[in-house]
Amino acid sequence: MSYPRVIIDTKKIESNVSTVVSLAKKEGITIAGVTKGYCAYPEIVKAYINGGVDYLADSRIENLKKIAQFDIPKMMLRLPMISQAKETVEYADISLNSELETIYALNEASESLGKVHKVILMADLGDLREGYFNKEELLHAVDEILELNNIELYGLGVNLTCYGGVIPKRHILQKLVDYKNEIEEKFEIKLEMLSGGNSSTVHLLGTGEIPNGINNLRLGESIIFGTESAYGRHLDGTDSTAFRLEAEIIEIKEKPSVPTEEIGRDAFGKVPTFVDRGVRKRLICAVGKQDIDLDSLYPLDKDLIILGGSSDHTIIDASDSKIDYSVGDILAFNLHYVSMLRAMTSEYIEKIII
Ligand SMILES: *Cc1c(COP(=O)(O)O)cnc(C)c1O
């Protein structure tokens, strides 16, 4: 047995996927299952497919390559790099775009590969990450794309609650529908897909607040953990414990809660603050910020308090625990999104997929 290790329960993920997929189906919404959070391990991706996703989506070509074996349409989420135009067309059927230069490069790559690549144009509806902020520019892009032989304009998309933290609401998503209607009328075309965002749009499912016309969501967090990301609420009938980390205790000592000498910066360049709880029993675990994120790490023993850590250490207050820990014991934690991302990316963590 090697530690730290993360144990991934694909049955829990499959069940979460299928719960969210059926919520979305009721409103005629397809789901692109986003695989980037766990580096697209194919054994986990299978749970998405069994759970009923309609597409697979990732932000990195390396990950799309790993899932090429699955016979289901794939979407490139991050705006493609021109230097990767060829790989984008090879490994993705659809990509999200906002730059004509890139779309021209995709067109050339598609032509050389004898393919037609589908493009979703992104509209920036206020979150200020990617997409056309200006409608005239968006319409101009449509006009140009319609001239290209190896690009199909597949639809429009929006991404919210990523950079700006803007929460999806009906009137915001309605703008995307309005853009679609205007484009369809002006250019006499049909757009297949209106992709209304990520897990932060999930809170609107079942409320009647998703405007007619939105027919796709691109979901990672909500189908892995069953949490919508606008308000962080748990969805009924889902399980948020599919990713469990196990790490070994390497020190147990009684120590004061606050240093007595002058305090400078910690290992990550921040000046630390402390809560004075007196002398406490503290554990050190052999896992750290290189492998996990302390804010999305939840000990199964609810009486433990995570105090902090450095690259390779996690420091825990165990004074209130009913368990008498020994050095060499294993502590278990549930992971949420950012810890999952780091743990799955870290080569120092063993992955066990069950
Ligand atoms: C990561 C990403 C998603 C999925 O986000 P979740 O919050 O995990 O659902 C959707 N769309 C784009 C463009 C992304 O980059």
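Residues numbered from 1 in each chain as written. Predicted model: local features only at pLDDT ≥ 70, side-chain atom pairs only at ≥ 80, totals over all residues. Heavy atoms only, no water.

Focus: the overall build of the protein chain
Working step 1: Counting secondary structure elements, the protein chain contains nine helices and 16 strands.
Working step 2: By principal-axis analysis of the C-alpha atoms, the protein chain measures approximately 75 × 40 × 40 Å.
Working step 3: Here the protein chain holds 354 residues, and 50% of them are scored as buried.
Working step 4: Nonlocal contacts in the protein chain, meaning residues at least 24 apart in sequence, comprise 65% of its contacts between residues at least 6 apart.
Working step 5: About 16,600 Å² of surface is accessible on the protein chain, with carbon and sulfur atoms providing 47% of the total.
Working step 6: Of the charged side chains in the protein chain, 39 are positive and 55 negative, and the gap between their average positions amounts to 4 Å. (Helix = DSSP H or I, 4+ residues; strand = E, 2+ residues; numbered from the N terminus. Buried < 20%, exposed > 50% of the residue type's maximum accessible area, 1.4 Å probe, protein only. Contact = heavy atoms within 4.5 Å. Areas by Shrake-Rupley, 256 points an atom, 1.4 Å probe, with all protein chains shown as cover. Lys, Arg positive; Asp, Glu negative; His and termini not counted. Charge placed at Lys NZ, Arg CZ, Asp CG, Glu CD.)

Section: unusual backbone geometry
If a residue is not glycine, its phi is most likely negative; likewise, a peptide bond is most likely trans.
Working step 1: For the peptide bond that leads from Tyr3 to Pro4, omega is -5°, which places it in the cis range.
Working step 2: Tracing the chain through its elements places Pro4 in the segment before β1 (5-8).
Working step 3: At Leu128, a position not held by glycine, the phi torsion is positive, near 65°.
Working step 4: For Leu128, the location among the structural elements is in the loop between β6 (117-122) and α6 (135-145).

Side note on the packing of helix α1 (residues 10-25) against helix α2 (residues 42-51)
Working step 1: With their axes 8 Å apart at the nearest point, α1 and α2 run at an angle of 35° to one another. For α1 against α2, the interelement crossing comes out right-handed. Counting all contacts with α1, which are made through Thr10, Ile13, Glu14, Val17, Ser18 and Val21, the residues of α2 involved are Glu43, Ile44, Ala47, Tyr48, Asn50 and Gly51.
Working step 2: In terms of residue class, the contact of α1 with α2 is built from six nonpolar, four polar and two charged. (Axes fitted to C-alpha atoms, helices over the stretch in contact; angles between N-to-C directions. Left-handed = near helix turned anticlockwise from the far one by under 90°. Nonpolar A, V, L, I, M, F, W, Y, C, P; charged D, E, K, R; others polar.)

Regarding the state of the cysteines
Working step 1: Under the criterion given, the structure shown has zero disulfides.
Working step 2: Residue Cys39 stays outside any disulfide, its sulfur separated by 17 Å from that of Cys162, the closest cysteine.
Working step 3: Among the residues examined, Cys39 registers a relative accessible area of 13% and is labelled buried. (Disulfide = S-S within 2.5 Å.)

With respect to the pairing of β1
Working step 1: Every second residue of β1 is oriented toward a common face, with Arg5 and Ile7 on one face and Val6 and Ile8 on the other, all of them buried.
Working step 2: Relative to strand β16 (residues 350-353), β1 runs parallel, the two being bridged by four bridges. Across the sheet, Val6 pairs through a bridge with Lys351, a residue of β16. (Pairing = 2+ DSSP bridges.)

Quick word on the site of the ligand
Working step 1: The environment of the ligand is formed by 14 residues, the closest being Lys36, Ser199, Arg218, Gly220 and Glu221.
Working step 2: Contact between the ligand and Arg129: an oxygen atom at 3.2 Å from a side-chain N or O atom of the residue.
Working step 3: Between an oxygen atom of the ligand and a main-chain N or O atom of Gly220, the distance comes to 2.8 Å.
Working step 4: Out of a free accessible area of 390 Å², the ligand has 92% covered by protein chains.
Working step 5: Here the residues of the shell around the ligand are counted per class, giving five nonpolar, four polar and five charged. (Near = heavy atom within 4 Å. Polar contact = N/O pair within 3.5 Å; in protein donor to acceptor, adjacent residues only side chain to side chain.)

Brief notes about the pattern of salt bridges
Working step 1: The tally for this structure, following the rule as stated, stands at twelve salt bridges.
Working step 2: Of the charged contacts in the structure, one is a salt bridge between Lys135 and Glu182, with a shortest N-O distance of 3.0 Å. On the criterion of sequence distance, the pair formed by Lys135 in helix α6 and Glu182 in helix α7 (residues 170-187) is long-range, its members being 47 residues apart.
Working step 3: Note on Lys135: relative accessible area 30%, which makes it partly exposed.
Working step 4: In this structure, the salt-bridge partner of Arg244 is Glu246, at a minimum N-O distance of 2.8 Å. (Salt bridge = Lys/Arg side-chain N within 4 Å of Asp/Glu carboxyl O.)

Side note on the nonpolar core
A general tendency of soluble globular proteins is for nonpolar side chains to be buried together.
Working step 1: In this structure, Leu121 and Phe243 are the most contacted members of the largest nonpolar core, which totals 91 residues.
Working step 2: Among the elements that make up this core, the one with the highest residue count is α7 (seven residues).
Working step 3: Leaving out residues up to four positions away in the same chain, Leu121 has contacts with Asn97, Ile103, Tyr132, Leu138, Ala141, Val142, Ile145, Leu153, Gly155, Leu156 and Gly157.
Working step 4: Judged by nonpolar contacts, the second largest core, of twelve residues, contains Ala32, Tyr55, Met75 and Ile94. (Core = buried A, V, L, I, M, F, W, Y, C linked by side-chain atoms within 4.5 Å.)

With respect to the pairing of strand β2 (residues 30-34)
Working step 1: With four of five residues buried, β2 is to be regarded as a mostly interior element.
Working step 2: Sheet topology note: the β2/strand β9 (residues 216-219) ladder contains four bridges and is parallel. Within β9, the position partnered with Ala32 by the bridge is Arg218.
Working step 3: Two strands pair when backbone bridges link them, and β2 and strand β3 (residues 55-58) are joined in this way by three bridges, in the parallel orientation. Within β3, the residue paired with Gly33 across the bridge is Leu56.
Working step 4: What joins β2 to β3 is α2, and the crossover it makes is right-handed. (Right-handed = clockwise from strand over helix to strand, strands pointing away.)

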